[in-house]
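Secondary and tertiary structure notes
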Amino acid sequence: MRSLYTAGVLDAFLKQGLSFDNCYGVSAGACMAMSFLSGQPGRNYRVNTRYLSDPRYLSVRSYLKTGSVFGMNMIFHTIPDILDPLDWQAIGENPAKLFVGVTNCYTGKAEFYPLRKREQVSLLQASSSLPGLSKPVYHRGAPYLDGGIAAPIPVDEALKTHDKAVVILTRTANYRKEKSKTTFLVAKKHPDFAGLLRTMNTRHILYNRTLQKLSALEAEGRVLIFRPAELHASRTERDRKKLTDLYLQGFADGIAKEDALAAFCGI
């Protein structure tokens, strides 16, 4: 739910008519990128605020019934196919591709796959499946979970093929990740996912090192970073006002940095 900030920034980009060579996303960030690539401003905000009181979207009932606190069928099928259709044709025709990061539960490594078609939506679901709060999603015979575990900020993947990257973060500048306190719960639930557990135990180190790297890349002029100045929304936030404020903060930041972004991209 913190990705409402990302939704605001991306809608500002759409308002400015901006496009990028490719997009790289993990977890909710990958979901936000879909409405950006489909050219549907406002859709991310609607999807993430309109169904807050619907137990099919986010609830303990959903967890008890399906094994996931987020209603995966609601999020990845009912909403994009029926209630607020995602324009898959526009995504397929967009020259930019979205590369979705997922974490292989056996190896604990990040893997990135291009997503262009409706039939590949399970990649989004896998990338958004939080360990302990969601069931693994199987792809090509292997179980996958949240891409943010092994690649919390996928800037390295973007810089493999691009000289520069625009990076949207959902934490404030002073945030540093601490070691997970819930790994033992995942170990109890999935004792055969040794790779996942290793990565979860060191994720905070990777995340904080990536922040250091971003600072160096920013000084070199290779990344332009968007991040909220303040944050009052949690991972599973259900307060509509907090989410709306976060979205508007992102939109305002996207507009305010229009000139800096144009200079960075050489427009």
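Our subject in this report is the structure included herewith. (Residues numbered from 1 in each chain as written. Predicted model: local features only at pLDDT ≥ 70, side-chain atom pairs only at ≥ 80, totals over all residues. Heavy atoms only, no water.)

1. Observations regarding the packing of helix H1 (residues 4-15) against helix H12 (residues 240-256)
One way to put it is that H1 packs onto H12 with a least axis distance of 6 Å and a crossing angle of 40°. Viewed along their axes, H1 and H12 adopt a mutual orientation that is oblique. At the point where H1 passes H12, the crossing takes the right-handed sense. The segment H1 lies against H12, with Leu-4, Tyr-5, Ala-7, Gly-8, Val-9, Asp-11, Ala-12 and Lys-15 engaging Leu-243, Leu-246, Tyr-247, Gln-249, Gly-250, Phe-251, Asp-253, Gly-254 and Ile-255. Among the residues making up the contact of H1 with H12, the classes are represented as ten nonpolar, four polar and three charged. (Axes fitted to C-alpha atoms, helices over the stretch in contact; angles between N-to-C directions. Helix = DSSP H or I, 4+ residues; strand = E, 2+ residues; numbered from the N terminus. Parallel < 35°, antiparallel > 145°, perpendicular 65-115°, else oblique. Left-handed = near helix turned anticlockwise from the far one by under 90°. Contact = heavy atoms within 4.5 Å. Nonpolar A, V, L, I, M, F, W, Y, C, P; charged D, E, K, R; others polar.)

2. So, helix H11 (residues 194-220)
Think of an α-helix as 3.6 residues a turn; residues three or four steps apart then line up on the same face. In a regular helix each residue adds 1.5 Å, so 27 residues correspond to 39 Å; H11 covers 37 Å between its end C-alpha atoms and thus fits that length. Roughly 55° is the biggest bend found in H11, and it falls at Thr-202. Looking one or two places after H11, you find Gly-221, whose phi comes out positive at around 80°. (Expected span 1.5 Å × (residues − 1). Bend = angle between axes of the 7 residues up to and from the residue.)

3. Some points on the side chain of Ser-27
Mapping Ser-27 onto the fold places it in the loop between strand E1 (22-26) and helix H2 (28-37). In contact with Ser-27, other than residues within four places in its own chain, are Ser-127, Ser-128 and Asp-146.

4. Details of the pairing of E1
Counting buried positions along E1 gives four out of five residues, so the element sits mostly inside the fold. Here five bridges tie E1 to strand E2 (residues 97-104), and the two strands are oriented parallel to one another. The partner of Tyr-24 across the bridge, within E2, is Phe-99. (Buried < 20%, exposed > 50% of the residue type's maximum accessible area, 1.4 Å probe, protein only. Pairing = 2+ DSSP bridges.)

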